[in-house]
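# Commentary on secondary and tertiary structure
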Amino acid sequence: MSDNCIFCKIVRDEIPSNKVHEDEDFFVFHDIRPIARVHYLVIPKRHVESLAHFDAADSDLVGRMMLLGARLAPQQGLSDGFRTMINTGKGGGQEVFHVHAHIFGGGEVLPKV
Ligand code: 5GP
Ligand code: ZN
């Protein structure tokens, strides 16, 4: 937990969010500024700054974070597919320094990257 991290505050329900899923290890909620018809964020409840801050002992947690994002997609209206994105560090465009996987799609076909 980090006192002044907005995503830790969302986990603690100190900042309201549109929750998709919660379990012992993860919290999933809709992005406040969606870039597609459906756009949610999967975060570990444990405060980890970025993907680059996980270590080898976290492999299982990282794997389960990605699988959870995929598993929730059909019920969120993304049966057709979705995009997964993790921005890492300032150079990777990360703005909130609590690691999160973006899952988004729906509506128009996403541009190729
Ligand atoms: P990043 O740029 O760090 O990969 O993504 C941060 C994401 O968090 C952005 O897409 C932004 O819209 C979202 N975000 C920032 N603050 C809040 C908030 O208070 N609530 C929710 N639901 N999303 C937020
Ligand atoms: Zn945090």
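Note that the structure is predicted; figures quoted are calculated from it, not measured.

### Observations concerning the nonpolar core
In a soluble, globular protein the nonpolar side chains are often hidden away together inside. Counting residues in hydrophobic clusters, the biggest one holds 18 residues, and the most contacted among them are Val28, Tyr40 and Val42. Those elements giving two or more residues to this core turn out to be strand 2 (26-30), strand 3 (38-44), helix 2 (59-72) and strand 5 (101-105). At five residues, helix 2 tops the list of elements feeding residues into this core. Each residue touching Val42, except ones within four places of it in the same chain, is listed here: Phe27, Val28, Met65, Leu68, Gly69, Val99, His100, Ala101 and Ile103.

### Here's the deal with the sheet that holds strand 1 (residues 19-22)
Taken in spatial order, the five strands line up as 1-2-3-5-4 in an open sheet, and their pairing is antiparallel. Lying at the two open borders of the sheet, with one neighbouring strand each, are strand 1 and strand 4 (83-85). Across the sheet, the mean angle separating the axes of adjacent strands is 20° when strand polarity is ignored. In terms of strand pairing, strand 3 meets strand 5 through five bridges, oriented antiparallel. Along strand 5, the bridge assignment pairs Val42 with Ala101. Here helix 2 sits on the sheet in contact with strand 1, strand 2, strand 3, strand 4 and strand 5, set at roughly 155° to strand 3.

Rules used throughout
- Numbers given for residues are sequential positions, taken from 1 along each chain in its written order.
- Lettering of chains starts at A and numbering of ligands starts at 1, both following the order in which they are written.
- Residue-level local features of this predicted model are given only where pLDDT is at least 70; pairs of side-chain atoms are given and counted only at 80 or more, and the full residue set underlies all totals for whole chains, interfaces and linings.
- As a convention, hydrogens and water are excluded, and side-chain values are obtained from all of the structure's heavy atoms.
- Put simply, a nonpolar core is a bunch of buried Ala, Val, Leu, Ile, Met, Phe, Trp, Tyr and Cys residues held in one set by side-chain atoms that sit within 4.5 Å of each other.
- To sort residues, take the accessible area from a 1.4 Å probe on protein chains only and compare it with the maximum for the residue type: under 20% means buried, over 50% means exposed, and anything in between is partly exposed.
- Comment: elements are numbered from the N terminus, with helices defined as DSSP H or I runs of at least four residues and strands as E runs of at least two.
- Should any heavy atoms of two residues lie within 4.5 Å, those residues are counted as being in contact.
- Here, strands pair whenever DSSP counts at least two bridges between them.
- The axes are straight lines fitted to the C-alpha atoms, using for helices just the contacting stretch, and the angles between their N-to-C directions are given from 0 to 180°.

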